[in-house]
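Structural description and commentary
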Amino acid sequence: MNTDLKAQLDNNTELQKHLFEKGFLITDAEVGDLDAYPFYGNWKECRVGSYSVLVYRTAPIYVYGDADKQFFLIGHAYDPFTMDADEEHILRSIAERSNAKLDWDAVNELTGIFAMGVISGDKISFWLDASGMQYACYGTVRGKRYFSSHMQLIGDVCDLQMDEYVNRLINYKWYHYMMGNYMPGDITCFKELKRVVPNTAVHFDGASFHVERIYPSREIKMCSSDAEYMEVISEACRIMQNTMALIPQKWKRPAISLTGGIDSNTTFAAANGIYDRYSTFSYISMYRESVDAEKAAQISAKFNVPHRAYQIPAKNEDIPKFNLYRAILIHNDGDIGSFSDSDLRKKITLMRTDVCDVEVKSWISETIRAYAYKYFGKKRFRKSLTPRNYTSLYKIFLANRRLAKDTDRRFAEYLSNTELKNHLFNYDETDIFVWEMMHGGKCGLDIGVMKSCFDITIPYNNRKLLDLLLRVPLEYRISDQLHLDMKKQMNKELYDMNIRVVNLNETKLRKKLIGMYYSINSFLPY
């Protein structure tokens, strides 16, 4: 427990609401006084089977079943295949279709950010949305089971101590480089807890936890002709357009987070025909973001969509109680590293501003854009990655070989725990790294922090959509031809504007250097 943070929050009722905001905790243990730290009266509790289910007061929870078996869903979900936007109906449908075995096909149709599971007595199973944008962890502490949206929440309730390896990792000088703060493999900052990895389900059978990999489940059929490619594009556009039609049914004021980049451009294109149901917004905290905001305003004006650009304060002193906000957000993330001041000022400004009901965010698109190939400037990776390859994709460890070896071990444990190698089939393993590590490991934490600003939904976060687009030839994904063709089909006028702001960090020199590091570190001995 961060005793200094507790002392500050005990004397500051205004900001208590942001501690583990929108979170949940499921346990068979007694959790103590819900009016005291870390809950501060902001949580509600219900009993399901042998478990107490605690949910932040504004976090939606749905339960369906009978006395013997109850399904639950925390967060939001909608189905662009059946056009069902009602979580109660979705949960009931999945429960009724899941007799002896869960209907994973129905789960794979869902878009959203959620934790879902089933409780029967003291047995519990749980899983997450397609890419783990609802971060979650689990474990046994002193004989009691815990499943939560925040590793640090369990840490505070159980008074856990940070893992020695994690402490060394987060204090390593290159830790913040390459995607910022997140843990390797399926570990958390505590030895007692594991992260729930997307594409897996976790089962507690009354004696112990075990992990079941649910995806990939079969070989992927790659596009072998232009006709098949165009069929994939058309189906992907249909799914995206259905998704964008469902979002305004669930929220009154949805806003697309819009830049000049290809990801959010494609999302905006998918809303073609219902632009009157959306607004757009951008934020400016540094020069390169002003370019994005300018292009976003240009696109929005073209299609008569209201746009607002939020100017982020340039100094920490311009935000009241900045240091306390910082301590809360870092603690919510597990105390595994700080954010940059500019990033914190952005988050806090959005927390203090009524921007929208839900941000329509374009993350997860990088999975189908072959992000590892782009980032490392590679044309190919080995078919089966070693734990050292994973370490090289994760962080720069040239200056600390002991840490490289210890990180290799964490990735080896992840591969063993989740049985990925036994279920990889003909999928590109770097796609799974981006999917389960960069997104499930890193972005899931970021989304948890951003939920203090507004609700968030991600149109790309649908397992069937992602699986469909992974059929596209690699060169089309690397070049972004895939996204350009989708944008062209969904909104030809937007496509003809030819707006494309490239990430200024993606320089040829940087790609060359980081690609050289990957090659060297992958073969360098300890």
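Everything discussed here concerns the structure shown above.
Below, the structure is looked at part by part.

**What to know about the overall build of the protein**
Regarding its fold elements, the protein presents 20 helices and 17 strands. Since a compact globule built from 526 residues should have a radius of gyration of about 24 Å, the 22 Å found for the protein is in line with a globular shape. Projected onto its principal axes, the C-alpha positions of the protein cover 60 × 55 × 55 Å. When burial is assessed residue by residue, the protein has 60% of its 526 residues classed as buried. Long-range contacts, defined as pairs at least 24 residues apart, comprise 74% of the intrachain contacts of the protein with a sequence gap of at least 6. Accessible area of the protein: about 20,700 Å², with a carbon and sulfur share of 48%.

**Some remarks on a nonpolar patch on the surface**
A cluster of nonpolar residues, Leu398, Leu509, Leu513, Met516, Ile520 and Leu524, forms a patch on the protein surface that exposes about 540 Å² of accessible area. Along the chain, leucine 513 turns up in helix 20 (residues 508-523).

**As for the sheet that holds strand 5 (residues 70-78)**
The strand order across the open sheet built from 6 strands is 4-5-6-7-11-12, with neighbouring strands paired in antiparallel fashion. Unpaired on one side and paired on the other, strand 4 (61-65) and strand 12 (209-213) mark the two borders of the sheet. The sheet shows a mean angle of 20° between the axes of neighbouring strands, direction not considered. The strands that helix 2 (residues 87-97) touches are strand 4, strand 5 and strand 6 (111-120); relative to strand 5, the one it contacts most, it runs at about 135°. On the sheet, helix 6 (residues 226-250) packs against strand 5 and strand 6 and is oriented at approximately 105° with respect to strand 5.

**Brief notes about helix 18 (residues 481-490)**
Taken residue by residue, helix 18 has Leu482, His483, Asp485, Met486, Lys487 and Met490 as its buried positions. Residues of helix 18 that are buried sit in contact with helix 6, helix 7 (262-270), helix 11 (365-368), helix 16 (463-469), helix 17 (474-478) and helix 19 (492-497).

**Regarding helix 13 (residues 387-394)**
Extensive coverage of helix 13 is indicated by the burial of 7 of its 8 residues. Next to the buried residues of helix 13 lie helix 5 (164-170), helix 12 (371-376), helix 14 (401-418), helix 15 (429-450) and helix 20.

**Focus on the environment of leucine 424**
Relative to the helices and strands, leucine 424 resides in the loop between helix 14 and helix 15. Leucine 424 has contacts with Pro216, Lys383, Glu429 and Ile432, leaving out every residue within four places of it along the chain.

**Re the packing of aromatic side chains**
This model, assessed by the stated rule, comprises 33 aromatic pairs. On the numbers, 5.9 Å between centres and 85° between planes, the contact of tyrosine 37 with tyrosine 40 is edge-to-face. Taken together, the aromatic side chains of Tyr172, Tyr182, Tyr390, Tyr394, Phe397, Phe411, Tyr414 and Phe433 make up a single cluster linked through ring pairs. Residue placement shows lysine 361 over the ring face of tryptophan 363; its charged tip is 4.6 Å from the ring centre.

**A word on unusual backbone geometry**
A cis amide bond links tyrosine 37 with the next residue in sequence, proline 38, at an omega value of 5°. In this chain, tyrosine 215 is followed by proline 216 through a cis amide linkage whose omega measures -5°. Structurally, proline 216 can be placed in the loop between strand 12 and helix 6. At tyrosine 40, a position not held by glycine, the phi torsion is positive, near 50°. Relative to the helices and strands, tyrosine 40 is located in the loop between strand 1 (24-27) and strand 2 (43-48). Overall, tyrosine 40 belongs to the buried group, its relative accessible area being 10%.

**Here's the deal with the side chain of glutamate 366**
Within the secondary structure, glutamate 366 is located in helix 11. Within the buried set, glutamate 366 has no salt-bridge partner at all; the shortest N-O distance to an opposite charge, 5.3 Å, is to arginine 369. Look past the residues within four positions of glutamate 366 in its chain and what remains in contact with it is Asp263, Tyr371, Val434 and His439.

**With respect to the state of the cysteines**
One pass over the structure, following the stated rule, counts 0 disulfides. Free cysteine cysteine 453: the closest other cysteine sulfur is in cysteine 356, separated by 9.3 Å.

**So, the pairing of strand 9 (residues 144-148)**
Looking along a regular strand, one sees the side chains alternate between the two faces of the sheet. The element strand 9 is largely enclosed, with a buried count of 4 among its 5 residues. As judged from the 5 bridges shared by strand 8 (residues 137-141) and strand 9, these two strands associate in the antiparallel manner. Residue pairing in the sheet places cysteine 137 in a bridge with serine 148 of strand 9. Taking the residues that link successive antiparallel strands as the turn, the strand 8-strand 9 hairpin has 2 residues, and the phi of arginine 142 there is positive, at about 50°.

**Looking at the sheet that holds strand 3 (residues 51-56)**
Reading across from one edge, 2-3-1-9-8-10 is the order of the 6 strands in this open sheet, with antiparallel pairing throughout. The open sheet is flanked by strand 2 and strand 10 (193-195), the only strands paired with a single partner. For this sheet, the mean inter-axis angle between neighbouring strands, taken without regard to orientation, is 15°. Of the pairings in the sheet, the one linking strand 1 to strand 9 comprises 3 bridges and is antiparallel in character. By the bridge assignment, threonine 27 is partnered in strand 9 with tyrosine 146.

**Examining the pattern of salt bridges**
In the structure shown here, the tally under the stated rule is 34 salt bridges. Notably, a salt bridge pairs aspartate 103 with arginine 97, separated by 2.8 Å at the nearest N-O pair. On the accessibility criterion, aspartate 103 (15% relative accessible area) is buried. In this structure, the salt-bridge partner of lysine 221 is glutamate 228, at a minimum N-O distance of 3.1 Å. Assessed through its relative accessible area of 18%, glutamate 228 is described here as buried. Members of the salt-bridge network, linked through shared partners, are Asp263, Arg369, Lys374, Asp480 and Arg500.

**Brief notes about the packing of helix 6 against helix 18**
Contact pair helix 6 / helix 18: the axes reach a minimum separation of 10 Å and the direction vectors enclose 65°. Pair helix 6 / helix 18 crosses with right-handed handedness. The residues of helix 18 that touch helix 6, namely those facing Tyr229, Met230, Ile233, Ser234, Ala236, Cys237, Met240 and Gln241, are Gln481, Leu482, Asp485, Met486, Gln489 and Met490. Of the residues contributing to the contact of helix 6 with helix 18, the split by class is 9 nonpolar, 4 polar and 1 charged.

Thresholds, definitions, all that
Sequence positions are assigned chain by chain, starting from 1 and proceeding in written order. Since the coordinates come from a predicted model, pLDDT governs what is reported: local features require at least 70, and pairs of side-chain atoms require 80 or more to be given and counted, while whole-chain, interface and lining totals use all residues. Based on all heavy atoms of the structure, the side-chain values leave hydrogens and waters out of the count. Put simply, DSSP marks the helices as runs of H or I at least four residues long and the strands as runs of E at least two long, and each gets a number from the N terminus on. Atoms counted for the radius of gyration: C-alpha only. Globule rule: 2.2 Å times the number of residues to the power 0.38. Burial here depends on accessible area, computed with a 1.4 Å probe over protein chains only, as a share of the maximum for the residue type. Under 20% is buried, over 50% is exposed, and the range in between is partly exposed. Note on contacts: a residue pair qualifies if any of its non-hydrogen atoms lie within 4.5 Å across the two residues. Method for areas: the Shrake-Rupley scheme with a 1.4 Å probe, in which residue coverage is limited to the protein chains shown. Think of a patch as exposed residues, more than 30% relative accessible area, with no salt bridge, where like charges cluster within 9 Å and nonpolar side chains (Val, Leu, Ile, Met, Phe, Trp, Tyr) cluster within 5 Å. Within this document, salt bridges are pairs made up of a side-chain nitrogen of Lys or Arg and a carboxyl oxygen of Asp or Glu, the two lying within 4 Å of each other. Strands are labelled as partners when DSSP assigns at least two bridges between them. Here an angle of 0 to 180 degrees is reported between the N-to-C directions of two axes, which are lines fitted to C-alpha atoms, with helices fitted over the stretch in contact. Pairing of aromatic side chains here covers Phe, Tyr and the six-membered ring of Trp, requires ring centres within 6.5 Å, and sorts the geometry by plane angle: under 30 degrees stacked, over 60 edge-to-face, intermediate tilted. Whether a charge sits over a ring comes down to the Lys NZ or Arg CZ being within 6 Å of the ring centre and within 35 degrees of the ring normal. For the purpose of counting charges, residues Lys and Arg are taken to be positive, whereas Asp and Glu are taken to be negative. His and the chain ends are not included. What counts as a disulfide here is a pair of cysteine sulfur atoms lying within 2.5 Å. Put simply, a crossing is left-handed when the front helix is turned counterclockwise from the back one by less than a right angle, and right-handed when it is turned clockwise. Three classes are used: nonpolar for Ala, Val, Leu, Ile, Met, Phe, Trp, Tyr, Cys and Pro, charged for Asp, Glu, Lys and Arg, and polar for all others, with Gly counted as polar.

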